[in-house]
Amino acid sequence: QQQVKQSPQSLIVQKGGISIINCAYENTAFDYFPWYQQFPGKGPALLIAIRPDVSEKKEGRFTISFNKSAKQFSLHIMDSQPGDSATYFCAASFSGGSNYKLTFGKGTLLTVNP
Amino acid sequence: GAVVSQHPSWVICKSGTSVKIECRSLDFQATTMFWYRQFPKQSLMLMATSNEGSKATYEQGVEKDKFLINHASLTLSTLTVTSAHPEDSSFYICSAGGGSSYGYTFGSGTRLTVV
């Protein structure tokens, strides 16, 4: 009940296109869903996060869509740029803040072609 | 914003020696720190969770005596890889709880190579 399943494993998008990465979770007690961006040789950086009381959150070109009934959430990157090429991880955790461990998806390697 | 400093960024050591990795929260107090291990093209694997002033909680399968974690203050946690062997070569990342509305600020990682 602790898994977070992420797809696709890799994604190639043309510059200006929309990148979509999907995640599904099993544990209905999760209530914090962040997305992280990781460049090679660096630690993950928080991109955007959502709680289940909203169905969508947008920050600049990045949008999280959340479907509580389906236990799914997705990351949309609008107007994708070559600089967005990185590995993206979805994750889930419990309320109570940062004292609880994150459960990560397996990651998606995004390549944005110029 | 919240900053977690991790040092060294890379280290090469001889088999059988010990290596210490430091993780510092620079502008906030981290009551909880997490240590991860990441293999190439794979996800982050949680090794242990540490709370300031108490013993770390290790994930199943992680050797406590090999990966020593100390969280002596609210701004510093250390991971010591004891008697390192080539199979311990990996990318180690720390994460500190606190410092932002959702916590979980990650360090920049340490590339450990054991020769």
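Quick notes on the rules
Every chain is numbered independently, its residues counted from 1 as its sequence is written. For this description, chains carry letters from A and ligands carry numbers from 1, given in the order in which they are written. The model is predicted, so local features are restricted to residues of pLDDT at least 70 and side-chain atom pairs to those at 80 or more, both for listing and for counting; the totals for chains, interfaces and linings are taken over all residues. Computation of side-chain values: all heavy atoms of the structure, hydrogens and water removed. Secondary structure elements follow DSSP: runs of H or I no shorter than four residues count as helices, runs of E no shorter than two count as strands, and numbering proceeds from the N terminus. Burial classification: accessible surface area is computed with a 1.4 Å probe over protein chains only, and a residue below 20% of its type maximum counts as buried, one above 50% as exposed, and the rest as partly exposed. We define a salt bridge as a side-chain nitrogen of Lys or Arg found within 4 Å of a carboxyl oxygen belonging to Asp or Glu. Two residues form a contact once any of their heavy atoms are found within 4.5 Å. Note on aromatic contacts: the rings of Phe and Tyr and the six-membered ring of Trp form a pair at centre separations within 6.5 Å, being stacked when their planes are under 30 degrees apart, edge-to-face when over 60 apart, and tilted otherwise.

1. Considering the overall build of chain A
Assigned secondary structure in chain A consists of zero helices and eleven strands. Reading chain A from its N terminus to its C terminus gives the helix and strand order β-β-β-β-β-β-β-β-β-β-β. Along the longest, intermediate and shortest principal axes, the C-alpha atoms of chain A span 40 × 30 × 20 Å. The 114 residues of chain A split such that 44% are buried.

2. Some remarks on the pattern of salt bridges
On inspection of all chains with the given rule, the structure shows five salt bridges over all chains. Across the pair A:Lys57 and A:Glu59 runs a salt bridge whose closest N-O atoms are separated by 3.6 Å. Note on A:Glu59: relative accessible area 37%, which makes it partly exposed. Between B:Asp88 and B:Lys66 there is a salt bridge whose closest N-O contact spans 2.9 Å.

3. Thoughts on the environment of A:Leu46
All names here are of chain A. One can find Leu46 in strand β5 (residues 45-50). With ten residues separating them in the primary sequence, Leu46 and Tyr36 have C-alpha atoms 4.6 Å apart. Beyond its immediate chain neighbours, meaning those up to four positions away, Leu46 contacts Tyr32, Pro34, Trp35 and Tyr36.

4. Section: the packing of aromatic side chains
Per the counting criterion, the structure on display carries 18 aromatic pairs over all chains. Ring centres of A:Phe33 and A:Phe73 lie 5.0 Å apart, and the angle between their planes is 55°; on these two criteria the pair is classed as tilted. Residue A:Phe33 is located in strand β4 (residues 33-38), and its partner A:Phe73 is located in strand β8 (residues 72-77); the two are separated by 40 residues in the primary sequence. Exposure remark for A:Phe73: the relative accessible area of 1% places this residue in the buried category. Between A:Phe104 and B:Phe106, the aromatic rings sit 6.2 Å apart at their centres with planes inclined by 70°, giving edge-to-face as the arrangement. Taken together, the residues span two chains, with A:Phe104 in strand β10 (residues 103-104) and B:Phe106 in strand β10 (residues 105-106). Given the relative accessible area of 11%, A:Phe104 is considered buried. Assessed through its relative accessible area of 8%, B:Phe106 is described here as buried. One aromatic cluster in this structure is built from A:Tyr25, A:Phe30, A:Phe33, A:Trp35, A:Phe66, A:Phe73 and A:Phe94.

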